[in-house]
Amino acid sequence: MNCNQNEKISQVKFTTLVVGIDIGSTTHYARAFNWRGVELGKVFKFSNTREGFEDLNEWMRYLMKKNEMSDAIVGIEPTGHYWFNLGSYLRNEGILLTMVNPYAVKQSKELDDNSQSKTDYKDPKVIAKLVIDGRYSIPYMPEGVYADLRVVSANRTRIQSEIGQIKNRMARWFSIYFPEYHSVFRDYEAVSSMMVLRVACTPQAILELGPEGVNQIWRNAKIRAVGMKRAKTLCEAARMSIGQHNGMQAAEYEMKLLLADYDYKMAQYNATMEEMERLCQQIPECEKLLAIKGIGLITVAGFFAEVGDLRRFESPRQIQKLAGLSLRENSSGKHKGQTTISKRGRRKLRAVLFNVVIPLIAVNPEFKSLHEYFTQRPDNPLKKKQSVVAISCKLIRVFYAIVTKDVEYDPEKMLSDIHRPMKAA
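The following refers to the structure shown. (Residues numbered from 1 in each chain as written. Predicted model: local features only at pLDDT ≥ 70, side-chain atom pairs only at ≥ 80, totals over all residues. Heavy atoms only, no water.)

Brief notes about the packing of helix H16 (residues 365-376) against helix H17 (residues 384-405)
1) Next: Axis separation between H16 and H17 bottoms out at 9 Å; the angle between their running directions is 135 degrees. The pairing of H16 with H17 is recorded here as oblique in orientation. H17 is crossed by H16, and the crossing has right-handed handedness. Across from Phe367, Leu370, His371, Phe374 and Thr375 in H16, the residues of H17 making contact are Lys384, Ser387, Ala390, Ile391, Lys394 and Leu395.
2) Next: Of the residues assigned to the contact of H16 with H17, the class counts are 6 nonpolar, 3 polar and 2 charged. (Axes fitted to C-alpha atoms, helices over the stretch in contact; angles between N-to-C directions. Helix = DSSP H or I, 4+ residues; strand = E, 2+ residues; numbered from the N terminus. Parallel < 35°, antiparallel > 145°, perpendicular 65-115°, else oblique. Left-handed = near helix turned anticlockwise from the far one by under 90°. Contact = heavy atoms within 4.5 Å. Nonpolar A, V, L, I, M, F, W, Y, C, P; charged D, E, K, R; others polar.)

So, in structure tokens, the structure goes:
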């Protein structure tokens, strides 16, 4: 995990070449400095290709030999996904890659020339100076099953979002052409509902089928949950519908497209979930985490996708900081502001924790008891959102202990670890 400030500064020695790189989509710009901040050579421009990476490596080796240096540190400002290939190349070459905060780059770029200008030639210098001052972090690039989980988890999130968009378009379609449909089928995704929609989706088409025709669809599929009574109710709703009557041919075609998109995305989602389950089975600790009531596959996979191997951390506090859940104080002089979380970390990891803690409080007796204690204790009770943050940090510690110590989840120990101060008599 990342070192403290003093250790970061000590890594930049007089034999260290510090290179700042401004990342672009097709072209990168690099500038090199020694430990005092004196520039060595001119701005080096290279392409985002293997040939460009090798040219950069050769240029760095030339400067190191010329200035009698033995190692190099490369600093970058994260710019989307454009740095991934360069990062992998540098790691394979044994060159330390560091990242500086984009906000720090923005705030410090005026120190040299008192100008707000941003150029491909200026930013590499600012990045390198931040590295020399030890204001950097070492990026984690997952490998093996953790790298696969990160990709699969991101795909699941994307597919789920696309399914939501399709559902929104279907909801719009119903409100325009058949608003009464929801009074018959509360959930239009039900098997019986989707069967009817694939045959007859508009009120006119349903009336042409009649109750017998609608019921026959279900009888052919041997669905027993619905029958003639539901078919008559659907036909009556179609007869009394206030939906639009114009453009029904195109509306029917639109629904067919929506159903095709829905089926395709649901097939993708199910296949992705199967792949996610297969990958989780390769991590022995997943089974122990899934044994916790309220913890599901999506949570475990999403957690490992964002964190990687938990054994690389020295303490769960580092994971808490990675999630942006470390506390941030806002006080000055006599003023003491409200303490909030930093939100400086992996947004997706924070979302994974929040999305599981809220239902966890409802279904898991131990975490429900913990939430009640935090919100109802006599001294310094927490608000509900503050309790969710506290329980998220507790869940991190539980996961960390199970994985690193190879132990089973113990509800009694989890509750006994909570410090409950006693009032003085």
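Picking up after the structure, the text goes on.
Some thoughts on unusual backbone geometry
1) Next: For Asn380, which is not glycine, the phi torsion reads 55 degrees and is therefore positive.
2) Next: Along the polypeptide, Asn380 turns up in the loop between H16 and H17.
3) Next: A relative accessible area of 57% means that Asn380 is categorised as exposed. (Buried < 20%, exposed > 50% of the residue type's maximum accessible area, 1.4 Å probe, protein only.)

So, the pairing of strand S4 (residues 71-76)
1) Next: The element S4 is extensively covered by neighbouring structure, given that 5 of its 6 residues are classed as buried.
2) Next: Bridging between strand S1 (residues 16-22) and S4 involves 6 bridges; their strand directions are parallel. Each residue of the ladder has a partner; that of Leu17, found in S4, is Ala72.
3) Next: Note: S4 against strand S5 (residues 96-99), 4 bridges, orientation parallel. Note on S5: the bridge partner recorded for Val74 is Leu97.
4) Next: Considered for its hand, the β-α-β crossover made up of S4, helix H3 (residues 84-92) and S5 is right-handed. (Pairing = 2+ DSSP bridges. Right-handed = clockwise from strand over helix to strand, strands pointing away.)

Brief notes about helix H5 (residues 123-132)
1) Next: The buried count for H5 comes to 8 of 10 residues, which makes it a mostly enclosed element.
2) Next: All of the buried residues in H5 are Asp123, Pro124, Val126, Ile127, Ala128, Leu130, Val131 and Ile132.
3) Next: Tucked into the core, H5 has its buried residues touching S1, strand S2 (27-33), S4, S5 and helix H4 (102-108).

Description of the sheet that holds S4
1) Next: Strand order across the open sheet formed by 5 strands is S3-S2-S1-S4-S5, with mixed pairing between neighbours. Two strands in the sheet have a free side with no partner beyond their single neighbour: strand S3 (44-47) and S5. Mean inter-strand twist for the sheet, computed between neighbouring axes without regard to direction, equals 30 degrees.
2) Next: Sheet topology note: the S1/S2 ladder contains 5 bridges and is antiparallel. Opposite Gly20, over in S2, you have Arg31 as the bridge partner.
3) Next: Along the sheet, helix H2 (residues 50-66) makes contact with S1, S2, S3 and S4, crossing S3 at roughly 150 degrees.
4) Next: H5 contacts S1, S2, S4 and S5 of the sheet and is inclined by roughly 140 degrees relative to S1.

Notes on the packing of aromatic side chains
1) Next: One pass over the structure, following the stated rule, counts 16 aromatic pairs.
2) Next: Measuring from centroid to centroid gives 5.3 Å for Trp173 and Tyr177, while their planes differ by 45 degrees, and the two rings are tilted. With a gap of 4 residues between them, Trp173 and Tyr177 both fall in helix H6 (residues 144-177), about one helical turn apart. Judged on exposure class, the residue Trp173 and its partner Tyr177 are both buried.
3) Next: The side chain of Arg36 reaches across the aromatic face of Trp35, ending 5.7 Å from its centre. (Phe/Tyr/Trp six-rings, centres within 6.5 Å; stacked < 30°, edge-to-face > 60°. Lys NZ or Arg CZ within 6 Å of the ring centre and 35° of its normal.)

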